[in-house]
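Examining the three-dimensional arrangement
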Amino acid sequence: MYRWEKLGIVFDPRKHGTGPWMKEYAQAPCVLEFDDFIRVYFSCRPSPDSNGQYVSYSAFTDLEKKAPFRILRVATEPILELGDTGTFDEFGTYPVSVIREGKDVIVYYGGWTRCESVPFNVAIGRAVSHDGGETFIKSGPGPVLSYDAAEPFVLSGPKIRRYEGLYHLWYIAGKRWINDNGRAEPVYRIRMASSDDGIAWKKEQRDLIDARIPDEAQASPDVFYSKGKYHMFFCYRHGTGYRGRERGYRIGYAWSPDKYNWTRDDGLAGIDVSEEGWDSEMLSYPHLYEHEGEIYMFYLGNGVGREGFGVARLEGEL
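Counting from 1, residues in each chain are numbered in the order their sequence is written. Restriction of local features to residues with pLDDT of at least 70 applies here, the model being predicted, together with a cutoff of 80 or more for giving and counting side-chain atom pairs; totals for whole chains, interfaces and linings are based on all residues. Remark: hydrogens and water are excluded; side-chain values derive from all non-hydrogen atoms of the structure.

**Describing the overall build of the protein**
Under the DSSP-based scheme used, a helix requires at least four consecutive residues in state H or I and a strand at least two consecutive residues in state E, with every element numbered from the N terminus. The helix and strand inventory of the protein stands at two helices and 20 strands. Its C-alpha radius of gyration of 18 Å places the protein within 12% of the 20 Å reference for a compact globule of 318 residues. Taking the principal axes of its C-alpha atoms as reference, the protein extends roughly 50 × 45 × 40 Å. Throughout, a residue-residue contact means that at least one pair of heavy atoms, one from each residue, lies within 4.5 Å. For the protein, the proportion of contacts with a sequence separation of at least 24, taken over those separated by at least 6, is 53%. Taken as a whole, the protein presents about 13,300 Å² of accessible surface, with 46% of it coming from carbon and sulfur. Note that the radius of gyration is over C-alpha atoms, with the globule rule given as 2.2 Å times the number of residues to the power 0.38. Each accessible area is a Shrake-Rupley result for a 1.4 Å probe, and residues are judged covered by the shown protein chains and nothing else.

Right, here's the structure in full:
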């Protein structure tokens, strides 16, 4: 079993937010490395409107490399504008995943729209930054990866990687909606697409990770290559009643020799909820980052990041 030393909460929007658009949540952390610091992108929200509806923005905080719990800077504006009326990202950009491409930085993000019979739908958009990842220009008003006949709704949670000359995008795709006492809850599973150019994608069109509990929802498939195999840390939850400790998000683990065929072994994940505090009810949206031989995991705690994100350090190697 891998073992993670929890270093504590890093960013709490209630303490470190830079405006009313960053009042709550710091969700889905994702790292971009610079020479002197690391930039952690995340998604945040203002207060809900009079109908209790949220929008979601994406932002970043710069952290010290050797001590990734020391904040150097926080964005003062969102990195992406919300979409125009009727577009797929009119109401949110969450979550985001970034990758360098020459001098540019590319971001893939979940674009949210509201629905009538269910709360939302999501597709995956792409945008480019020419200023080092400060601001991003969308590739167009529509998504680059969207629902289709085989994946009918909720394509989200993109995690972009480049291996063996190909772009690989791990993401989640909706399976069905559950009616939980009048509340619609989505069930989704982890999938993957590949691309030569990062724009036109070939979907695998199959679930990669087997489910272990009834109506299991999986998210945030972060893939890290080490010692001849691919390691995936992800999160999963029960289909209903998951907003508390007993049925809330936990972090799972799988490994693969080739990126396509995965063996799940959650017993190796090595991290679980704390007895008390900000991550005592759930852990979710893991993201791994390596610096000078040390591997760190950024992750969300209670309320799926309502109180911010924290970091843990791996004891030993993957």
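So much for the structure itself; the text now carries on.
**Side note on the sheet that holds strand β17 (residues 263–264)**
Between any two strands, at least two bridges found by DSSP are needed for them to pair. Overall, antiparallel pairing links the four strands, which are arranged β14-β15-β16-β17 in an open sheet. Looking at which strands have only one partner, the edges of the open sheet turn out to be β14 (217–226) and β17. Sheet topology places strand β16 (residues 250–256) next to β17; two bridges connect them, and they run antiparallel. Its bridge partner lying in β17, tryptophan 255 is registered against threonine 263.

**Some thoughts on the pattern of salt bridges**
In the sections that follow, a salt bridge refers to a side-chain nitrogen of Lys or Arg positioned within 4 Å of a carboxyl oxygen of Asp or Glu. Tallied over the entire structure, the rule returns 28 salt bridges. Here lysine 6 and aspartate 279 are joined by a salt bridge, their closest N and O atoms 3.0 Å apart. Placement of the pair is lysine 6 in strand β1 (residues 3–11) and aspartate 279 in the loop between β17 and β18 (284–291), with a sequence separation of 273 residues. By relative accessible area, lysine 6 is classed as partly exposed at 29%. Ionic pairing is found between glutamate 151 and arginine 191, a salt bridge with its closest N-O pair at 3.1 Å. Throughout this description, buried means an accessible area under 20% of the type-specific maximum (1.4 Å probe, protein chains only), exposed means over 50%, and partly exposed covers the range between.

**A word on the pairing of strand β3 (residues 37–45)**
Burial analysis of β3 places nine of its nine residues in the buried class, which makes it a mostly covered element. Burial along β3 is two-sided: Phe37, Arg39, Tyr41, Ser43 and Arg45 and Ile38, Val40, Phe42 and Cys44, pointing in opposite directions, are all buried. Taken together, the six bridges between strand β2 (residues 24–33) and β3 define a ladder with antiparallel strand orientation. From the neighbouring strand, valine 31 faces β3, where its bridge partner is valine 40. Counting the residues that bridge the hairpin from β2 to β3 gives three residues. Pairing of β3 with strand β4 (residues 57–64), which is carried by eight bridges, proceeds in the antiparallel orientation. By the bridge assignment, valine 40 is partnered in β4 with threonine 61.

**Thoughts on the nonpolar core**
Ranked by size, the top nonpolar core spans 67 residues in total, and within it Phe136, Trp262, Phe298 and Phe309 carry the most contacts. Among the elements that make up this core, the one with the highest residue count is β3 (six residues). Tryptophan 262 has contacts with Trp170, Leu208, Ile209, Val223, Tyr230, His231, Met232, Ala254, Trp255 and Ser256, leaving out every residue within four places of it along the chain. Ile251, Val273, Trp278 and Ala312 belong to the second largest nonpolar core, which has 18 residues in total. In plain words, nonpolar cores are sets of buried Ala, Val, Leu, Ile, Met, Phe, Trp, Tyr and Cys residues tied together by side-chain atoms within 4.5 Å.

**Quick look at the environment of alanine 75**
Looking at where alanine 75 falls in the secondary structure, it is placed in the loop between β5 (71–74) and β6 (92–101). In this structure, the C-alpha to C-alpha distance between alanine 75 and phenylalanine 60, residues 15 residues apart in sequence, is 5.5 Å. Discounting residues that sit within four places of it in the chain, alanine 75 has contacts with Thr18, Trp21, Met22, Ala59 and Phe60.

**Re the sheet that holds strand β7 (residues 104–114)**
Pairing is antiparallel across the open sheet formed by four strands, whose spatial order is β6-β7-β8-β9. The strands lining the two open edges of the sheet, one partner per strand, are β6 and β9 (137–138). Relative to β7, β6 runs antiparallel, the two sharing eight bridges. By the bridge assignment for β7, isoleucine 99 is matched with isoleucine 106.

Remember that the coordinates give geometry; whether it matters functionally is a separate question.
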